[in-house]
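Structural description and commentary
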Amino acid sequence: MTWVTGLRERWNDLLPGAAALADDLVARYRADDRRAYREQYLQGVLDALGVLDQLSTDPTAVYLAAWFHRAVHEPGGRPAADAEASAVLAEQELPSYGVTSTRTAEVARLVRLTGTPAPPDAGPNADVLLDAVNATLAGPDYAVHAAELRRDGDDRETTVKQRHAAVRELLDGPIYRTQLGRDRYAAAARANLARELALLDAEIPAPWRGWRRAALIGVAAVSPLVAAFASFAATDAPWQSSIRAESAWRPGLLCLLALVAAPLLFVGARRSDRWARIGTGLVTVAAAAGLVVAIVLIPDHTASNGPGERVPLVVASLVLLLLGGLAAFVSASLTGPLPAPNRGQVLAGVTAAALVVAATVFVAAPVGREYVLSANERVTGTTAPEAAALRSELTGRIAWESPASSLRAEAVGLPTRYGIAIARQTGSVELLAPGTGDVLWRYSRADSDDRPELSVTGGGRFVLAEFDDVGYLLLDAATGHRAAAWPHGTRDHTLENADPLLTGEQVSKGSDKLRGVNDDGEARWTFEPGRCTSITATATADTVLTFLNRSCGDATDEMTALDLETGKQLWSRPADWVGDSEVTVDDLVIGVEARSGSRGTLVALEARSGEVAWRWPLPAAWSCNSKVVAAGSQVVLLNCPSAASRSTAVVATVVDARTGELAWQQTVPGFIGKDVAITTDARVVWLQDTGRACELMVLGQTGQRRVTLPEGVVCRRGVHAAGNQLLVSGENAVIALR
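Throughout what follows, the structure given in this document is the object of discussion. Computed from a predicted model, the values in this text were never measured in an experiment.

1. Looking at the overall build of the protein
Check the secondary structure of the protein and you find 15 helices and 33 strands. Along the first, second and third principal axes, the C-alpha set of the protein runs to 140 × 55 × 45 Å. Intrachain contacts of the protein at a sequence separation of at least 6 include 55% that bridge at least 24 residues. Per element, the accessible surface of the protein, about 34200 Å² overall, is 55% carbon and sulfur.

As structure tokens, then:
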């Protein structure tokens, strides 16, 4: 009865002459079916109002609202429904006891605000009432009140989950609306709520609770480890592309710091105290400062110098350290204890860690490589128009010389749609105008000292340049700009066929591989014929013909045809072909097939079906392995006419590629050697140094003739055919013959 006596005294001071209403309200708060919001709760709210009521503009209305705000309560019901029913009760009862309509309306308004999130401008009366209601959160008996709330619903699990959400919402936002309420109750309320949240975490099944913080911990733990790996890789890479050997102590120190930071960030992310925030904050600040210094020290981009591979590795390491520090600092700044481990936390932590690794491998690494590629390349010149094919008539005169350069020139020119592509030392590619020799564009790299190997692909639209220190780069033949950089893992692959593109990979233990690749170097398919098998291949417009040399046991060599787009096997048969000089003309693959007791047979296969289109037997007297070269719609064979004339004569045979019919054949004295060029109209040419002059030997359908070349031609560097245009070398220029 002590509680009832105290409440009646408060009521009599508030609304004299309304004892019946007081008894009804007290009875409601003392109802036997109530598990929460009992008379002790009401007493606590009224006690808090005794501290806060000075801030209200109508204390009487605030007190009446406090009495009514949970007068109606359904166990397990929603606060909004309780508040609405209680407000209706106040509107029905108060006018009967002389309360004005204005005050009654204010009381009802205030009661309704206790059941829904109140707007910030609800007025001082609402601020006082709501702070008084929430003052129960800071009371010494809050644990009892919280237990009553958890027993209030019929379904324990649902009630506890709802209570968990309500407590988390209170902790995440401001609890009190008045400064007096914050000063007097905030600290105790947050401590009580944190204790209740820990109890709720342990009580309800929550496979995902705490996943956000677990994800932050995963990032904090893995980021410095990945940073350590990246900085360790940086120890073996240059900071400047022009300097090949540099001290490794700086990235080594960064690697050590990242390894030290890893356990510090992991432990700090799991704690929620001041020292954890200080430690993780120091790592974050140090990583940010190091990142700024690294960016400032990045080498300038010049024609002969640029950033080396160490730059993106160090920057990535510092960014990862910064990311890990920020994640740990945010995790350490979150209030409340870390929930008990569950499946959701494990999955979130592992997923976050995997995302960091994946982002590093699949985003940061390609971006870093692209940065190094772009920063070290230089393109000069203009867009080249499509050029008409020219023909050297071989009059002994010079058509043009390319501009002189300090770089040694080699007249290994490849015809494109727009001109003749040549490679120079120190990593440069030039496109020469076929009619004048002018340099239309020049592509050069500061991070390569070697002459790139060139191929033409895409029907003459692209130049594929293989740089020893960089890999395969696809250049637009019209502009010289890089159209693609092949994936880093293709650096050691061999180019089996340029147009269409095929690459090979030799595997020391396992099966060698053949790949059909796109212009950007990505493989459409991979063909693995088995262990102990070497692969060579050529291709038509839609079919790949592979030659498989088996070296294990008594396995026989094979020819296997594949679809160019899908890599699907079309047919396979034993292979009797010799050499590696197969050529393609349209849809035919032409090569020499060995036959017992003869020099073999020149065979043309329809690549798609494997059917023999024609055969041309090689004379039995021929004593050398035939050199087979495609020349437009014809095929040129070079051989020795007899064993006695291996080094004194040569026989040149030209066969129609479509029919296998002999076009012409010439046998001439002399030794060609390896440095022979064949034009697309089937002229066979080579250089011969007589000691007095450099002579061009020309073998065609009408026989052989000699052309004396002008002084300045370096005979030992040979002659090369760019289509039907013949190129020779000067000391530092490319020379086209008229």
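2. Concerning the packing of helix H11 (residues 211-234) against helix H14 (residues 310-333)
Running from amino to carboxyl end, H11 crosses H14 at an angle of 160 degrees, the nearest separation of the two axes being 8 Å. With respect to H14, the axis of H11 lies roughly antiparallel. For H11 against H14, the interelement crossing comes out left-handed. Per-class residue counts for the contact of H11 with H14 are 19 nonpolar, 5 polar and 2 charged.

3. Considering the pairing of strand E30 (residues 703-708)
Direction of pairing for strand E29 (residues 694-700) relative to E30: antiparallel, over a ladder of 6 bridges. Looking at E30, one finds that Leu696 is bridged to Val707. Between the antiparallel neighbours E29 and E30 lie 2 residues.

4. Digging into the pattern of salt bridges
All told, the structure shown has 29 salt bridges when counted by the stated rule. With a shortest N-O distance of 3.8 Å, Asp586 and Arg658 are connected by a salt bridge. Separated by 72 residues along the polypeptide, Asp586 in the loop between strand E19 (583-585) and strand E20 (588-593) and Arg658 in the loop between strand E25 (649-656) and strand E26 (662-669) bring together distant segments of the chain. On the basis of relative accessibility, which here comes to 59%, the residue Asp586 falls in the exposed class. Of the charged contacts, one joins Asp681 and Arg683 as a salt bridge, the two residues approaching to 3.1 Å between their closest N and O atoms. Accessibility expressed as a relative area gives 27% for Asp681, which makes it partly exposed. With a relative accessible area of 9%, Arg683 lands in the buried category.

5. As for the state of the cysteines
This model, assessed by the stated rule, comprises 1 disulfide. One disulfide in the model links Cys694 with Cys715; its S-S distance is 2.2 Å. Across the S-S bond linking Cys694 and Cys715, the dihedral sits near 75 degrees, which makes this disulfide right-handed. One end of the pair, Cys694, is in strand E29; the other, Cys715, is in the loop between E30 and strand E31 (720-722), and 21 residues separate them in sequence. Given the relative accessible area of 8%, Cys694 is considered buried. Since its relative accessible area comes to 13%, Cys715 is described here as buried.

6. Structural notes on the packing of aromatic side chains
How two aromatic rings sit relative to each other is given by the distance of their centres and the angle of their planes. Across all of its chains, the model carries 6 aromatic pairs by this definition. Between Tyr37 and Tyr41 the ring centres are 4.9 Å apart and the planes differ by 75 degrees, which places this aromatic pair in the edge-to-face class. Both residues of the pair, Tyr37 and Tyr41, belong to the buried class. The lysine or arginine in question, Arg34, covers the ring of Tyr29, its NZ or CZ lying 5.0 Å from the ring centre. The aromatic ring of Trp571 is capped on one face by Arg573, whose charged end is 4.7 Å from the ring centroid.

7. So, a nonpolar patch on the surface
A cluster of nonpolar side chains, contributed by Trp249, Leu253, Leu256, Leu257 and Val260, occupies part of the molecular surface with about 510 Å² of accessible area. Tracing the sequence through the fold places Trp249 in helix H12 (residues 249-270).

8. Comments concerning a negative patch on the surface
Together, Asp449, Asp450, Glu453 and Asp468 make up a negatively charged patch on the protein surface. Locating Glu453 in the fold gives a position in strand E7 (residues 453-457). Taking the relative accessible area as the measure of exposure, Glu453 reaches 53% and is therefore exposed.

9. Digging into the side chain of Asp512
You can see Asp512 is positioned in the loop between strand E12 (502-505) and strand E13 (513-517). In this structure, Asp512 is buried with no salt-bridge partner, the nearest side chain bearing the opposite charge being Lys513 at 7.2 Å. Ignoring sequence-local partners within four residues, the contact set of Asp512 consists of Glu505, Gln506, Val507, Phe527, Glu528, Pro529, Gly530, Thr533, Ser534 and Ile535.

10. Brief notes about the sheet that holds E19
Read from one edge of the open sheet, 4 strands run E19-E20-E21-E22, paired in antiparallel fashion. Looking at the sheet topology across the chains shown, the edges are occupied by E19 and strand E22 (612-617). With strand direction ignored, the average angle separating the axes of adjacent strands in the sheet is 25 degrees. Here strand E21 (residues 601-606) pairs with E22 via 5 bridges, running antiparallel. For Ala604, the partnering residue across the bridge sits in E22 and is Trp614.

11. Some details on the environment of Cys255
As for its position among the elements, Cys255 is in helix H12. The class for Cys255 is buried, based on a relative accessible area of 12%. Taking the C-alpha atoms as reference points, Cys255 and Phe229, separated by 26 residues in sequence, lie 7.2 Å from one another.

Analysis parameters
- Residues numbered from 1 in each chain as written.
- Predicted model: local features only at pLDDT ≥ 70, side-chain atom pairs only at ≥ 80, totals over all residues.
- Heavy atoms only, no water.
- Helix = DSSP H or I, 4+ residues; strand = E, 2+ residues; numbered from the N terminus.
- Contact = heavy atoms within 4.5 Å.
- Areas by Shrake-Rupley, 256 points an atom, 1.4 Å probe, with all protein chains shown as cover.
- Axes fitted to C-alpha atoms, helices over the stretch in contact; angles between N-to-C directions.
- Parallel < 35°, antiparallel > 145°, perpendicular 65-115°, else oblique.
- Left-handed = near helix turned anticlockwise from the far one by under 90°.
- Nonpolar A, V, L, I, M, F, W, Y, C, P; charged D, E, K, R; others polar.
- Pairing = 2+ DSSP bridges.
- Salt bridge = Lys/Arg side-chain N within 4 Å of Asp/Glu carboxyl O.
- Buried < 20%, exposed > 50% of the residue type's maximum accessible area, 1.4 Å probe, protein only.
- Disulfide = S-S within 2.5 Å.
- Phe/Tyr/Trp six-rings, centres within 6.5 Å; stacked < 30°, edge-to-face > 60°.
- Lys NZ or Arg CZ within 6 Å of the ring centre and 35° of its normal.
- Patch = residues over 30% accessible without salt bridge, like charges linked within 9 Å, V, L, I, M, F, W, Y side chains within 5 Å.
- Lys, Arg positive; Asp, Glu negative; His and termini not counted.
- Charge placed at Lys NZ, Arg CZ, Asp CG, Glu CD.

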